[in-house]
Amino acid sequence: MQRRDAIEKIMNSIDDELVICNIGFPSRELYDIEDRKENFYMIGSMGLASSIGLGLALSQPEKDVVVIDGDGALLMNMGSLVTVKACNPGNLTWIVINNGAYGSTGNQETYAKNLDLKEIADSVGIKSHNFTTISLKRLIEDDECHFIEFNCEPGNSEAPIIDLTPEFIKERFMNRIHE
């Protein structure tokens, strides 16, 4: 299974949740799979999907927030694990797709290939899970903060470039939050 397949499986459990998606191919694949007003596609700022998701979860406690992140992005912002635990928002579900590669820059290997990201999240006190052993919908709805590692193989699909401007993505997403 590759990242696109993982994103499809994730989206099978998504209804009206707000979704923040990591930059590059993950956002392109999500856009191609299911473009929604509730999706925020990262165009830049690698490593900050979790920080944006945390801020959104804290500012919108009545809405469920799902972050679709990558292993390389997590490695760029490991401090976000501690910050998420410190804030512990019950409406945040953080999914890290670990394909052991920087997919958007040519599939170079990451050091996460040999790490157990779930174990790292556990070590700071975040409830963590392996995607294959959970009901994603149940975790999203249970009012607790969760970290989920979703292991898959490296590789990019033929997803098209997102034909929306960053300004449009931001405005559409913000308008949806405030509806």
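Our structure is the block above this text.
All values derive from a computational prediction rather than experimental measurement.

Definitions and limits used
Residues numbered from 1 in each chain as written. Predicted model: local features only at pLDDT ≥ 70, side-chain atom pairs only at ≥ 80, totals over all residues. Heavy atoms only, no water. Core = buried A, V, L, I, M, F, W, Y, C linked by side-chain atoms within 4.5 Å. Buried < 20%, exposed > 50% of the residue type's maximum accessible area, 1.4 Å probe, protein only. Helix = DSSP H or I, 4+ residues; strand = E, 2+ residues; numbered from the N terminus. Contact = heavy atoms within 4.5 Å. 1 Å grid on protein atoms, 1.4 Å probe; cavity = no way out; pocket = protein on both sides within 12 Å on 5 of 7 lines; lining within 4 Å. Points joined across faces, edges and corners; volume = space filled by probe spheres on them. Salt bridge = Lys/Arg side-chain N within 4 Å of Asp/Glu carboxyl O. Pairing = 2+ DSSP bridges. Axes fitted to C-alpha atoms, helices over the stretch in contact; angles between N-to-C directions. Expected span 1.5 Å × (residues − 1). Arc of directions from axis to C-beta.

**Q** I'd love a proper account of the nonpolar core, names of residues and values included.
**A** Ile 10, Ile 20 and Phe 147 are the most contacted members of the largest nonpolar core, which totals 50 residues. Examining the composition of this core, we find that 5 residues originate from one element, strand β4 (residues 92–98), more than from any other. For Ile 20, the residues in contact, after removing those within four places along its chain, are Phe 40, Met 42, Ala 49, Ile 52, Gly 53, Leu 56, Val 65, Val 66, Val 67, Ile 68 and Phe 173.

**Q** Let's hear about the layout of surface pockets: which residues, and what values?
**A** Within this model, the largest pocket holds a volume of roughly 210 Å³. Lining of the largest pocket is provided by 17 residues; of these, Asn 22, Ala 101, Tyr 102, Gly 103 and Ser 104 occupy positions nearest its centre. For the lining of the largest pocket, the elements supplying multiple residues, two or more each, are β3 (65–70), α4 (71–76) and β5 (101–102). At 3 residues, the largest contribution of residues to the lining of the largest pocket is made by α4.

**Q** Now, about the pattern of salt bridges: what can you tell me, with residues and values included?
**A** Under the definition given, this model contains 14 salt bridges. The partner of Glu 17 in a salt bridge is Lys 137, and the shortest N-O contact between them spans 2.6 Å. With a gap of 120 residues between them, Glu 17 in the loop between α1 (3–11) and β1 (18–21) and Lys 137 in helix α7 (residues 136–141) connect regions that are remote in the sequence. The two residues Glu 17 and Lys 137 agree in class, both being buried. With a shortest N-O distance of 2.9 Å, Lys 113 and Glu 109 are connected by a salt bridge.

**Q** Talk me through the sheet that holds β4; I want residue IDs and the actual numbers.
**A** Strands sit in the order β2-β1-β3-β4-β8-β7 across an open sheet of 6 strands; the sheet is parallel. Two strands lie at the open edges of the sheet, namely β2 (39–41) and β7 (127–130), each paired on one side alone. Put simply, the sheet's adjacent strands are angled 20° from each other on average, direction ignored. In this structure, β1 lies alongside β3, joined through 4 bridges in parallel fashion.

**Q** Report on the environment of Leu 136, specifying residues and quantitative values.
**A** If you trace the backbone, Leu 136 turns up in helix α7. On the basis of relative accessibility, which here comes to 3%, the residue Leu 136 falls in the buried class. Sequence separation between Leu 136 and Ile 95 is 41 residues; the distance between their C-alpha atoms is 9.8 Å. Aside from chain neighbours lying at most four places away, what touches Leu 136 is Ile 10, Ser 13, Thr 93, Ile 95, Phe 131 and Ile 148.

**Q** I'd like a description of helix α8 (residues 166–177), backed by residues and values.
**A** Given a rise of 1.5 Å per residue, 12 residues ought to cover 16 Å, and the 17 Å separating the end C-alpha atoms of α8 matches this to within 8%. Inspection of α8 places Ile 169, Arg 172, Phe 173 and Ile 177 among the buried residues, and these make up the whole buried set. The arc enclosing the buried residues of α8, seen along the axis, measures out at 135°, which places them on a common side. Where α8 is buried, its residues touch β1, β2 and α3 (49–59).

**Q** Lay out the environment of Asp 5 with the relevant residues and their values.
**A** Relative to the helices and strands, Asp 5 resides in helix α1. Looking at Asp 5, the relative accessible area reads 34%, which means it is partly exposed. Sequence separation between Asp 5 and Leu 75 is 70 residues; the distance between their C-alpha atoms is 22 Å.

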